[in-house]
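Residues per chain are reported as follows:
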Amino acid sequence: MKKILLSIAFIGLLTTNSFAQRNHRNVIETGIKGGVNMSRLTGGNTQEFKPGLQIAGTVEIPLSFYKKFAVQAELQYAVQGYKGAEYDQIDIQTDEVTETLKLEDVTMHYLYLPITFKYYTSKNFSIELGGQVGYMLHATGQFDANKYNTAREYLYLTDPKYIASYSQLDKALFEAGYRSTDPDNYYEKIDYGVTAGFSYYLDSGLYFNLRYYMGLQDIYKIDNDYQRFTIPGATDDLLKELNYMNDNFKFAPMTNTSVQISVGYKF
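Everything numeric in this text was worked out from a predicted model, so none of it was measured.

Visitor: What exactly am I supposed to notice about the overall build of the chain here?
Guide: What the chain contains, in helices and strands, is 3 helices and 10 strands. For the chain, the sequential pattern of α-helices and β-strands runs α-β-β-β-β-β-β-β-α-β-β-α-β. A separation of at least 24 residues holds for 71% of the contacts in the chain among residues at least 6 apart in sequence. Summing over all exposed atoms, the chain offers an accessible surface of approximately 13800 Å²; the carbon and sulfur share of this is 63%.

Visitor: Even after reading the chapter, I still don't get the pattern of salt bridges, so can you show me in this structure?
Guide: Any two side chains of opposite charge can pair, on the condition that their charged atoms come close. Counted under the stated rule, the structure contains 6 salt bridges. Lys118 is paired through a salt bridge with Glu128; the nearest N and O atoms lie 3.9 Å apart. With Lys118 in strand S6 (residues 106-122) and Glu128 in strand S7 (residues 125-140), the pair connects residues that are 10 residues apart, well separated along the chain. As far as the burial class goes, Lys118 and Glu128 line up, both buried. Residues participating in the shared-partner salt-bridge network are Lys33, Glu60, Glu74, Lys118, Glu128, Arg211 and Lys266.

Visitor: Looking at this structure, I do not really get the nonpolar core. What am I missing?
Guide: Inside soluble globular proteins, nonpolar side chains tend to come together where they are buried. Counting residues in hydrophobic clusters, the biggest one holds 15 residues, and the most contacted among them are Leu41, Met108, Tyr110, Met136, Tyr187, Ile219 and Tyr220. Broken down by secondary-structure element, the contributors of at least two residues to this core are strand S3 (69-82), S6 and S7. The dominant element in this core, judged by the number of residues it contributes, is S6, at 4 residues. Those residues within four positions of Met108 in sequence are excluded, and the remaining contacts are Leu41, Ala78, Val79, Gln80, Gly81, Met136, His138, Ala139, Tyr187, Ile219 and Asn256.

The rules behind each value
- Residues numbered from 1 in each chain as written.
- Predicted model: local features only at pLDDT ≥ 70, side-chain atom pairs only at ≥ 80, totals over all residues.
- Heavy atoms only, no water.
- Helix = DSSP H or I, 4+ residues; strand = E, 2+ residues; numbered from the N terminus.
- Contact = heavy atoms within 4.5 Å.
- Areas by Shrake-Rupley, 256 points an atom, 1.4 Å probe, with all protein chains shown as cover.
- Salt bridge = Lys/Arg side-chain N within 4 Å of Asp/Glu carboxyl O.
- Buried < 20%, exposed > 50% of the residue type's maximum accessible area, 1.4 Å probe, protein only.
- Core = buried A, V, L, I, M, F, W, Y, C linked by side-chain atoms within 4.5 Å.

Laid out in structure tokens, this is it:
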């Protein structure tokens with residue numbers, strides 16, 4: 001009987017110690033997380049937030065006993081992008097608005113590697129700060145949200161088969177790479193930025209995470225080399241359009257921004 005009681009006490013001690021370790025999180029833990037990603041591009045022609053999904057595998061390593069400080073690495077797949085905003089179509093002669101159009105919605109698929117440093121204010125709550133680098137896997141939608149000319153609607157006809165019917169100005173835009181159906185002509189493949197957020201943990205291993213991501217990479221690669229267009233021998237009418245385009249195109253940097261709400265589990 002005495003041996004049985006000692007065995008029960010020993011098992012209880014191990015269980016209590018394991019439970020305490022989990023609560024204090026002083027062991028390396030792996031996990032999974034997933035949730036909603038609200039994203040848009042910031043800068044230039046600011047777009048509206050677009051919902052998407054994100055999922056990740058995580059590894060958390062303690063940096064101090066009882067894990068007051070820890071570092072977490074993730075491999076994350078995220079669907080980002082934006083909802084195209086409305087804009088006014090303007091007559092080049094009168095500067096009056098002729099109609100209101102809408103940019104296409106854009107969806108971008110990224111594979112990210114976030115690394116965050118965590119400070120546990122208690123066993124159930126952590127504050128997080130870090131950064132991430134990502135690679136764009138694929139993109140769909142209008143690739144030229146930053147460079148539309150509000151005076152010339154037909155610049156949106158980006159199918160190369162229509163080039164023969166375009167004006168000299170349209171051909172110059174195509175040759176310079178500013179009108180294309182190929183996302184590789186517009187997007188930087190590599191994205192990077194800083195993250196901040198917090199997590200709340202349950203004793204069961206389930207947790208909830210809120211994170212903000214501020215991208216630092218201008219995702220439109222051709223913006224970085226923009227030069228004003230010139231067309232030798234342009235007629236007066238063409239020169240007027242050319243000058244209007246150079247004065248009104250928007251070439252401000254555009255970066256990814258997202259807010260993530262996730263549910264995760266620590267093993």
